[in-house]
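# Chains, contacts and geometry: an overview
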Amino acid sequence: MIDMMGYDNEEPLAVWEAFLLPNWRWEAYEKTEENLYLGRVRSPNTYGRWEYGSFSREQLETAGAYRVDTSVDSDEELFPDGGYELTRVVETEFEAFQESGDGLFGR
């Protein structure tokens, strides 16, 4: 059994936040062979406290999570699936504003 509370004094392997879930933060301290991360998550559902356990890469992908512990210029993946680039997300958000038809962007 792993002492999850011992993570309080360790540096996480990776840290994620999500565009679609404000105030959520995942910290991974170990990665298992089953592609699970052992660590903790803090969210409005945990009333701002850390909840210890495991989470999967798929859960991070579903949440639209991105790395916040590495710089944009880093060679490490910012998104868990490696499929997004930060500029693509910003462009997609801008396109959504354009399609809204509110006249702010010339439509």
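Residues numbered from 1 in each chain as written. Predicted model: local features only at pLDDT ≥ 70, side-chain atom pairs only at ≥ 80, totals over all residues. Heavy atoms only, no water.

## Focus: the overall build of the chain
Within the chain, the regular secondary structure consists of two helices and five strands. Put simply, the chain runs from its N terminus to its C terminus through helices and strands in the order β-β-β-β-α-β-α. For the chain, buried positions account for 29% of its 107 residues. For the chain, contacts bridging at least 24 residues in sequence account for 32% of all contacts bridging at least 6. Split by element, the accessible area of the chain, about 7500 Å² in all, is 48% carbon and sulfur. (Helix = DSSP H or I, 4+ residues; strand = E, 2+ residues; numbered from the N terminus. Buried < 20%, exposed > 50% of the residue type's maximum accessible area, 1.4 Å probe, protein only. Contact = heavy atoms within 4.5 Å. Areas by Shrake-Rupley, 256 points an atom, 1.4 Å probe, with all protein chains shown as cover.)

## Here we look at the environment of Gly-64
Positionally, Gly-64 belongs in the loop between helix 1 (57-63) and strand 5 (65-67). As for Gly-64 and Phe-19, which are separated by 45 residues in sequence, their C-alpha atoms are 6.2 Å apart.

## Examining the packing of aromatic side chains
What the rule picks out here adds up to five aromatic pairs. Put simply, the rings of Trp-16, Tyr-37 and Phe-55 pair up and form one aromatic cluster. The cationic tip of Arg-40 hangs over the ring face of Trp-50; the distance from NZ or CZ to the ring centre is 4.1 Å. We note Arg-67 situated over the ring of Trp-16; from NZ or CZ to the ring centre the distance is 6.0 Å. (Phe/Tyr/Trp six-rings, centres within 6.5 Å; stacked < 30°, edge-to-face > 60°. Lys NZ or Arg CZ within 6 Å of the ring centre and 35° of its normal.)

## Brief notes about the pattern of salt bridges
A full pass over the atoms with the stated rule returns five salt bridges. Two residues, Asp-69 and Arg-67, come together in a salt bridge whose shortest N-O distance is 2.7 Å. The exposure class of Arg-67 is buried, given its relative accessible area of 13%. Because the salt bridges share partners, they merge into one network encompassing Glu-17, Arg-25, Glu-27 and Arg-40. (Salt bridge = Lys/Arg side-chain N within 4 Å of Asp/Glu carboxyl O.)

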